[in-house]
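Listed below, chain by chain, are the residues.
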Amino acid sequence: MGPHPAVAAIRLAVRRVLHDILTELKTTAGVPAATAAGPTRERPPSPLVLVACSGGADSMALASALAFEAPRLGVRAGGVTVDHGLQNGSDLRAEEVVLRLRELGLDPVEAIAVSVGRAGGPEAAARDARYAALDAAAARHGAAAVLLGHTRDDQAETVLLGLARGSGIRSLSGMAAVSGADGRYRRPFLQVDRQTARKACMVQSLPVWDDPHNADPAYTRSRLRHEGLPALEKALGKGVVEALARTAQLSRDDADALDTWARQAEEGVRDATGVLECAKLYALPPAVRRRILRRAAIAAGAPAGALFARHIEEVDRLITGWRGQGAINLPGKVVAQRQGGRLVIRQG
């Protein structure tokens, strides 16, 4: 008799991601040539894959699936838990998570304490501190990848948050299955619902911790999870989460295609000195033109995280609604100004 369907689902998701990682590593390193006398070089060490684990149901399910699948594919499996220090006893909880991961057979395993700032609000600050710690851990251990436990439900919430910001199709793309430097971060569970992950923990008798912040109405995502999505399902019927996750994938495909188009078109709208020409920009579709403007602003020094759609719209009006208006001030002390039929974007 095979494993419970929930356990089978999470293991399959992890197995597919591990296969992808191994394939990419082989492609990057090349396959060693062999001779009649045998291989020309020693077999390289097994790659290490880490799991980021908070102790919650999603990440514990992910850790258990990694612990099961990794040895079968010749992969070493380790784990990292991040102590944000935002709750009393968080250090003790991090130690408990470390013990649970070691009981699963993961090695190396470590807890990392971080200091959470205030920039961008509590959720964003905690996320920034967490990813910085995970980046450092991956570099320290030489990990090929770090697995994250975001589920299909998390993806649906992310799409709705992007929709509320009104930041365009890229915001509706949600979380990428592969992200970070050199594709470091992998999200195997984006097609797995939260209930399946929790069920997998239950049938495997894995203890889980429910973060009280996830039920705290002070946090936007918590309100969306416990009030917003249930209200949508009540009004529109079941299937909202699946539809939003599907929207994320379709939006990402479209956004990637438009990004590629913009990169290819950018060279053709610059003059011999590399300055953008307004007439050529005007001839492009708005979605392509605005991507070029955003790329140019970031290249000039505008922080990507502080550059919003309204900024790009103002710059775009220098091309499509030219009335002799003055320079546009952008984040990072970057200035966009129309000069003699050309658009100059530079540090002010």
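Note that the structure is a prediction, hence the values are computed from the model and not measured. (Residues numbered from 1 in each chain as written. Predicted model: local features only at pLDDT ≥ 70, side-chain atom pairs only at ≥ 80, totals over all residues. Heavy atoms only, no water.)

Engineer: Just to check I follow, could you spell out the overall build of the protein chain for this structure?
Structural biologist: The helix and strand tally for the protein chain stands at eleven helices and twelve strands. Over its C-alpha atoms, taken along the principal directions, the protein chain stretches across nearly 70 × 65 × 40 Å. Out of the 348 residues in the protein chain, the part that is buried amounts to 43%. Intrachain contacts of the protein chain at a sequence separation of at least 6 include 67% that bridge at least 24 residues. Here the protein chain displays about 18,500 Å² of accessible surface, and carbon together with sulfur accounts for 53% of that area. Separation between the mean location of the 46 positive side-chain charges and that of the 37 negative ones in the protein chain comes to 4 Å. (Helix = DSSP H or I, 4+ residues; strand = E, 2+ residues; numbered from the N terminus. Buried < 20%, exposed > 50% of the residue type's maximum accessible area, 1.4 Å probe, protein only. Contact = heavy atoms within 4.5 Å. Areas by Shrake-Rupley, 256 points an atom, 1.4 Å probe, with all protein chains shown as cover. Lys, Arg positive; Asp, Glu negative; His and termini not counted. Charge placed at Lys NZ, Arg CZ, Asp CG, Glu CD.)

Engineer: Just to check I follow, could you spell out the side chain of Glu110 for this structure?
Structural biologist: Take Glu110: it is sitting in strand β5 (residues 109-113). Here Arg140 takes part through its side chain, which lies 2.8 Å from a polar atom of the side chain of Glu110. Ignoring sequence-local partners within four residues, the contact set of Glu110 consists of Gly79, Val80, Thr81, Val98, Ala137, Arg140 and His141. (Polar contact = N/O pair within 3.5 Å; in protein donor to acceptor, adjacent residues only side chain to side chain.)

Engineer: Explain the pattern of salt bridges to me, please; I cannot follow it from the model alone.
Structural biologist: Pairing is possible between side chains that carry opposite charge, provided their charged atoms lie close to one another. In the structure shown here, the tally under the stated rule is 23 salt bridges. Of the charged contacts, one joins Arg291 and Asp259 as a salt bridge, the two residues approaching to 2.8 Å between their closest N and O atoms. Of this pair, Arg291 sits in helix α10 (residues 286-299) while Asp259 sits in helix α8 (residues 240-266); the two residues are 32 residues apart in sequence, bridging distant segments of the chain. Between Asp271 and Arg342 there is a salt bridge whose closest N-O contact spans 2.7 Å. (Salt bridge = Lys/Arg side-chain N within 4 Å of Asp/Glu carboxyl O.)

Engineer: What should I look at first to understand helix α1 (residues 5-29) in this one?
Structural biologist: Residues separated by three or four positions in an α-helix point in the same direction, a consequence of the helix having 3.6 residues per turn. Its 25 residues give α1 an end-to-end C-alpha distance of 36 Å, which sits within 8% of 36 Å, the value for a rise of 1.5 Å per residue. For α1, the full list of buried residues reads Ala6, Val7, Ile10, Arg11, Ala13, Val14, Val17, Leu18, Ile21 and Leu22. Those residues of α1 that are buried are in contact with β3 (48-52), α2 (57-72), β6 (145-147), β8 (185-186) and α6 (194-203). (Expected span 1.5 Å × (residues − 1).)

Engineer: Looking at this structure, how should I read the sheet that holds strand β10 (residues 328-330)?
Structural biologist: Hydrogen bonds between backbone atoms are what pair the strands of a sheet, whose relative direction is either parallel or antiparallel. Taken in spatial order, the four strands of this open sheet run β9-β12-β11-β10, and their pairing is antiparallel. Both edges of this open sheet fall to β9 (276-277) and β10, since each of them pairs with a single strand only. Inspection of the sheet shows β10 paired to strand β11 (residues 334-339) by three bridges, in the antiparallel sense. Within β11, the residue paired with Leu330 across the bridge is Val334. (Pairing = 2+ DSSP bridges.)

Engineer: Help me out: how do you make sense of the sheet that holds β8 in this one?
Structural biologist: Pairing in this open sheet of six strands is mixed, and the strands run β5-β4-β3-β6-β8-β7 from one edge to the other. Of all the strands in the sheet, the pair left with one neighbour each is β5 and β7 (178-179). Strand direction decides the pairing type here: strand β4 (residues 76-83) and β5, joined by five bridges, are parallel. Pairing of Val80 across the sheet is with Glu110, part of β5. On top of the sheet, α2 reaches β3, β4 and β6; it is set at about 160° to β3, its chief contact. (Axes fitted to C-alpha atoms, helices over the stretch in contact; angles between N-to-C directions.)

Engineer: I keep staring at the state of the cysteines and nothing clicks. Help me out?
Structural biologist: In a disulfide, the sulfur atoms of two cysteines are covalently bonded to one another. One pass over the full model with this rule turns up zero disulfides. Of all cysteine sulfurs, the one in Cys201 lies closest to Cys53, which takes part in no disulfide; the gap is 8.7 Å. (Disulfide = S-S within 2.5 Å.)

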